[in-house]
Amino acid sequence: MSCRLTMTLISELQEGNVGEDWKYDLDVEVLRDGVVGQGSFKVPKHNLPSGVVRAPHGTPAPQVLYTGDCEGELLLRSHLTATEVDVFVNDVGKIQKDLVIECPGPAGGTVTKEVDIAVPVHEMPAFLPQKAEFTLRVRFNLTCS
């Protein structure tokens, strides 16, 4: 059965008091007996006020992460680095999140999963008590026929 896995950025949000100038990188690997696919988004510096859910800056086009046969499950390993850009020292948070997508089986079909990837970001230098949480919502769509 031939399958196609795509990744789409849905929304971005930051809540906190470290600042409003943000950039982020999302890297995703598709694993099944090793790496079988990958993709990434690199979103440049932009203004993102606290508490405002927005469409991703620049409206990045969906990416195809994997095409090929699909039996059993695919493991998606996501790495998100969110940076609040400052004049002297940037505030950076990093996180890894795994997601398992079950292939739809011999009849084919579509499996869609949306996931929020949230990363804490602390103001640097560390003695300042300010912090934020950056959340990126991502949709993974696996279509098999």
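On a predicted model such as this, the values are computed, not experimentally measured, just so you know.

Talk me through the pattern of salt bridges; I want residue IDs and the actual numbers.
Where charged atoms from two side chains of opposite charge come close, those side chains can pair. Taken as a whole and assessed by the stated rule, the structure comprises 4 salt bridges. With its nearest N and O atoms 2.6 Å apart, the salt bridge here joins R137 to D116. One end of the pair, R137, is in strand β8 (residues 131-144); the other, D116, is in strand β7 (residues 109-122), with 21 residues separating them in the sequence. When its relative accessible area of 32% is taken as the criterion, R137 is described as partly exposed.

Which residues make up the environment of N141, and what values go with them?
Positionally, N141 belongs in strand β8. The exposure class of N141 is partly exposed, given its relative accessible area of 23%. A sequence separation of 26 residues divides N141 from V115, and the C-alpha atoms of the two residues are 11 Å apart. Dropping the residues within four chain positions of it, N141 is found in contact with R4, L5, T6, T110, V111 and T112. Looking at N141, its side chain comes within polar contact range of the side chain of T112, at 2.6 Å.

Before we move on, could you go through the sheet that holds strand β4 (residues 63-69) and cite the residues and values that matter?
The antiparallel open sheet is built from 4 strands, whose spatial order is β4-β1-β8-β7. Edge positions in the open sheet fall to β4 and β7, since each of these has one partner strand only. For this sheet, the mean inter-axis angle between neighbouring strands, taken without regard to orientation, is 20°. In this structure, strand β1 (residues 2-16) lies alongside β4, joined through 6 bridges in antiparallel fashion. If you follow S2 over to β4, its bridge partner there is D69.

Give a detailed account of the packing of aromatic side chains, specifying residues and quantitative values.
Applying the stated rule across the entire model yields 2 aromatic pairs. Look at W22 and F134: their rings are 5.5 Å apart centre to centre, the planes differ by 25°, and that puts the pair in the stacked class. Highlighted residues: W22 in strand β2 (residues 21-31) and F134 in strand β8, separated in sequence by 112 residues. No difference in accessibility class separates W22 from F134, as the two residues are buried. Residues Y24 and F134 carry aromatic rings whose centres are separated by 4.9 Å and whose planes lie at 45° to one another, so their mutual orientation is tilted. Residue Y24 is found in strand β2, and its partner F134 is found in strand β8; the two are separated by 110 residues along the sequence. Judged by relative accessible area, which is 1%, Y24 ranks as buried. On the basis of relative accessibility, which here comes to 0%, the residue F134 falls in the buried class. Through a chain of ring-to-ring contacts, the aromatic side chains of W22, Y24 and F134 assemble into a single cluster.

Cut-offs applied
Residues numbered from 1 in each chain as written. Predicted model: local features only at pLDDT ≥ 70, side-chain atom pairs only at ≥ 80, totals over all residues. Heavy atoms only, no water. Salt bridge = Lys/Arg side-chain N within 4 Å of Asp/Glu carboxyl O. Helix = DSSP H or I, 4+ residues; strand = E, 2+ residues; numbered from the N terminus. Buried < 20%, exposed > 50% of the residue type's maximum accessible area, 1.4 Å probe, protein only. Contact = heavy atoms within 4.5 Å. Polar contact = N/O pair within 3.5 Å; in protein donor to acceptor, adjacent residues only side chain to side chain. Pairing = 2+ DSSP bridges. Axes fitted to C-alpha atoms, helices over the stretch in contact; angles between N-to-C directions. Phe/Tyr/Trp six-rings, centres within 6.5 Å; stacked < 30°, edge-to-face > 60°.

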